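Structural overview for review
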2 protein chains.
Amino acid sequence: MAYELYYWPGIQGRGEFIRLALEDAGADYVDVCREKGTAPMMAFLDGKATTMPPFAAPFLKDGKRVIGQTANILLHLGDKIGLAPKAEPARLWTHQIQLTVTDFVVEAHDTHHPLGVDFYYEDQKPESKRRSEAFLKSRLPKFLGWFEHILELNPKGDKFLVGARATYADLSLFQILEGMRYAFPKGSAKVLKKMPRVAALHDRVADRPRLAKYLASDRRLPFNEHGIFRCYPELDG
Amino acid sequence: MAYELYYWPGIQGRGEFIRLALEDAGADYVDVCREKGTAPMMAFLDGKATTMPPFAAPFLKDGKRVIGQTANILLHLGDKIGLAPKAEPARLWTHQIQLTVTDFVVEAHDTHHPLGVDFYYEDQKPESKRRSEAFLKSRLPKFLGWFEHILELNPKGDKFLVGARATYADLSLFQILEGMRYAFPKGSAKVLKKMPRVAALHDRVADRPRLAKYLASDRRLPFNEHGIFRCYPELDG
């Protein structure tokens, strides 16, 4: 039975981390809201269609199971679609990396929403400027520096984050870089100069045959100013 | 061999979610930095003592393994210390709830640090006021309302979040309430009036014998203005 992904239809957002994994694996899935609108999604979020309603989208339906939280979905999918190690310690390490991606995504989002999701960007522009400056100066180098470092320390070489094969965490790191280059073309280029392994991993992922096909298709939504990664030139230090 | 917990010694912070689980289970553990200072912790964070350095504390040493990310540590510990279901779907649902706790903790922290961790609270007081107002008005009710709802939907009754027995997620929900009552005594009381199941769960957890003993001991650090939950009366609606 095909996996069913439920996510807001107009943005890459957090759903994209799941899409990348499903697409790279060649898994059979339906992107439900892009085909049928958001009503079926809302029935799950409201707790009308399940006793385990996710707090928010994305969530995945796998048979009768409804699984929420991006990193949790990838933890569940990982072995099943061949994008996670089987051994428990490496499996948990992959998930730990993904949870650090999750932390990064919150901070990237908050560059344009430091006062929270209840105000529009237009109502928090000076605050966004201050937060973005700190993000580009200290947080982005700290996060990307950590990814660079764990690539360097990987006993199986620096081609992938975990072991000698691609995992969903590599796809997510690719997506972070895509987002940074869209949102902060100048600021991120400066930081990435010092991160050769991270930059090379991005290109290695982009060249994976199924993923390259997906990225060139209209299933890959373009970035826009409703998602996590937004291009506001005034924030790009 | 005793578990080793590594976390900043002066605050409850994210480490407290791990301490509550270890204490409730009566597990043998060492709170390393409170006994030996932070130098051993830094060796792991710097990648000098492991090829899998966590991005940040807390992390847990279990034999030779070094495991980071609060929710990931609890996922690892859960079955081993009897605070998670054995069946895979319920185990993943417990983790999903914990990841929603993680999301909540970020937002609770950001009420006093909306512009990020690179500025002191004193340098972002008007911004903290705006973010706290939105937090108390919409985010806190949304999160606690979700916990109330999943308690209500639990097929095994509304005493615990998952099934008919306590899990680490219940301990974490207890801790969130402790934090909210410390940081926002007025604002949280107003919200909790409408959340009888969540409030009752808090008291049920506080009465667990080993946990009650821990909470009365000097191992339980008091809340203070260096942690996640801070009492700044000017932010309390």
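Notes on the structure follow. Remember, predicted model here, so these are calculated numbers, not experimental data. (Residues numbered from 1 in each chain as written. Chains lettered and ligands numbered in written order. Predicted model: local features only at pLDDT ≥ 70, side-chain atom pairs only at ≥ 80, totals over all residues. Heavy atoms only, no water.)

1. Concerning the overall build of chain A
The number of helices and strands found in chain A is 10 helices and four strands. Of the regular secondary structure in chain A, the N- to C-terminal order runs β-α-β-α-α-β-β-α-α-α-α-α-α-α. By the compact-globule yardstick of 18 Å for 237 residues, chain A fits well, its C-alpha radius of gyration being 18 Å. The C-alpha extent of chain A, read off along each of the three principal axes, is 45 × 45 × 30 Å. In chain A, which comprises 237 residues, the proportion classed as buried is 57%. Excluding contacts between residues fewer than 6 apart, the proportion of contacts in chain A whose partners are at least 24 apart in sequence is 69%. Approximately 9,600 Å² of chain A is accessible, and the part contributed by carbon and sulfur atoms is 55%. With 34 positive and 30 negative side-chain charges, chain A shows a spacing of 4 Å between the two charge centroids. (Helix = DSSP H or I, 4+ residues; strand = E, 2+ residues; numbered from the N terminus. Rg over C-alpha atoms; globule rule 2.2 N^0.38 Å. Buried < 20%, exposed > 50% of the residue type's maximum accessible area, 1.4 Å probe, protein only. Contact = heavy atoms within 4.5 Å. Areas by Shrake-Rupley, 256 points an atom, 1.4 Å probe, with all protein chains shown as cover. Lys, Arg positive; Asp, Glu negative; His and termini not counted. Charge placed at Lys NZ, Arg CZ, Asp CG, Glu CD.)

2. What about the relation of the copies chain A and chain B?
One chain copy maps onto the other through a rotation about an axis and a shift parallel to that axis. Between chain A and chain B, which share one sequence, the superposing operator has a rotation angle of 180° and an axial displacement of 0.0 Å; the RMSD is 0.0 Å. Put plainly, the chains are arranged around a two-fold axis. Closest approach to the rotation axis among the C-alpha atoms of chain A is made by A:Pro114, whose C-alpha sits 2.6 Å away. (Least-squares fit on C-alpha atoms with pLDDT ≥ 70 in both.)

3. Quick look at the sheet that holds strand β1 (residues 3–6) of chain B
Residues and elements named next belong to chain B. Sheet architecture is open: four strands sit in the order β2-β1-β3-β4, paired in mixed fashion. Both outer strands of the open sheet, β2 (29–31) and β4 (65–68), are each paired with one neighbouring strand and no more. When strand polarity is set aside, the average angle formed by the axes of neighbouring strands in this sheet is 20°. Strand contacts of helix α4 (residues 70–80): β1, β3 (59–62) and β4, with the helix running at about 125° to β4, the strand carrying the most contacts. (Pairing = 2+ DSSP bridges. Axes fitted to C-alpha atoms, helices over the stretch in contact; angles between N-to-C directions.)

4. Considering the environment of A:Asn154
Residues and elements named next belong to chain A. When you line up the elements, Asn-154 lands in the loop between α6 (125–153) and α7 (168–183). For Asn-154 and Phe-174, which are 20 residues apart along the polypeptide, the C-alpha to C-alpha distance reads 18 Å. Sequence-distant contacts of Asn-154, that is, excluding residues within four places in its chain, are made with Phe-160, Leu-161, Val-162 and Gly-163. There is a polar contact of 2.9 Å between the side chain of Asn-154 and the backbone nitrogen of Lys-156. Within the structure, the side chain of Asn-154 is placed 3.0 Å from the backbone oxygen of Gly-163, a separation counted as a polar contact. (Polar contact = N/O pair within 3.5 Å; in protein donor to acceptor, adjacent residues only side chain to side chain.)

5. Here's the deal with the nonpolar core
Counting 122 residues, the largest nonpolar core has A:Phe147, A:Leu161, B:Phe147 and B:Leu161 as the members making the most contacts within it. Residues within four places of A:Phe147 in sequence aside, it is in contact with A:Ile97, A:Val101, A:Leu161, A:Leu173, A:Ile176 and A:Val198. (Core = buried A, V, L, I, M, F, W, Y, C linked by side-chain atoms within 4.5 Å.)

6. With respect to the pattern of salt bridges
With the rule as written, the count across this model stands at 34 salt bridges over all chains. Between A:Glu16 and A:Arg19 there is a salt bridge, and its shortest N-O distance comes to 2.8 Å. Placement of the pair is A:Glu16 and A:Arg19 together in helix α1 (residues 15–25), with a separation of three residues, close to one helical turn. Residue classification places A:Arg19 among the buried residues on the basis of a relative accessible area of 1%. Among the salt bridges present, the one from A:Glu88 reaches B:Arg65, with a minimum N-O distance of 2.9 Å. Linking A:Glu88 in helix α5 (residues 88–110) with B:Arg65 in strand β4, this pair reaches from one chain into another. Under the relative-accessibility criterion, A:Glu88 is labelled partly exposed at 33%. A single network of salt bridges, built from pairs that share partners, joins A:Glu16, A:Arg19, A:Asp31, A:Glu178 and A:Arg220. (Salt bridge = Lys/Arg side-chain N within 4 Å of Asp/Glu carboxyl O.)

7. A closer look at the sheet that holds strand β1 (residues 3–6) of chain A
As a general point, the strands of a sheet are linked pairwise by backbone hydrogen bonds and lie either parallel or antiparallel. Residue and element names in this part refer to chain A. Taken in spatial order, the four strands make up an open sheet running β2-β1-β3-β4, and their pairing is mixed. Among the strands making up the open sheet, the edge pair consists of β2 (29–31) and β4 (65–68). The mean inter-strand angle of the sheet, taken between neighbouring strand axes irrespective of direction, is 20°. Across the sheet, helix α4 (residues 70–80) lies against β1, β3 (59–62) and β4, angled at about 125° from β4, the strand it touches most.

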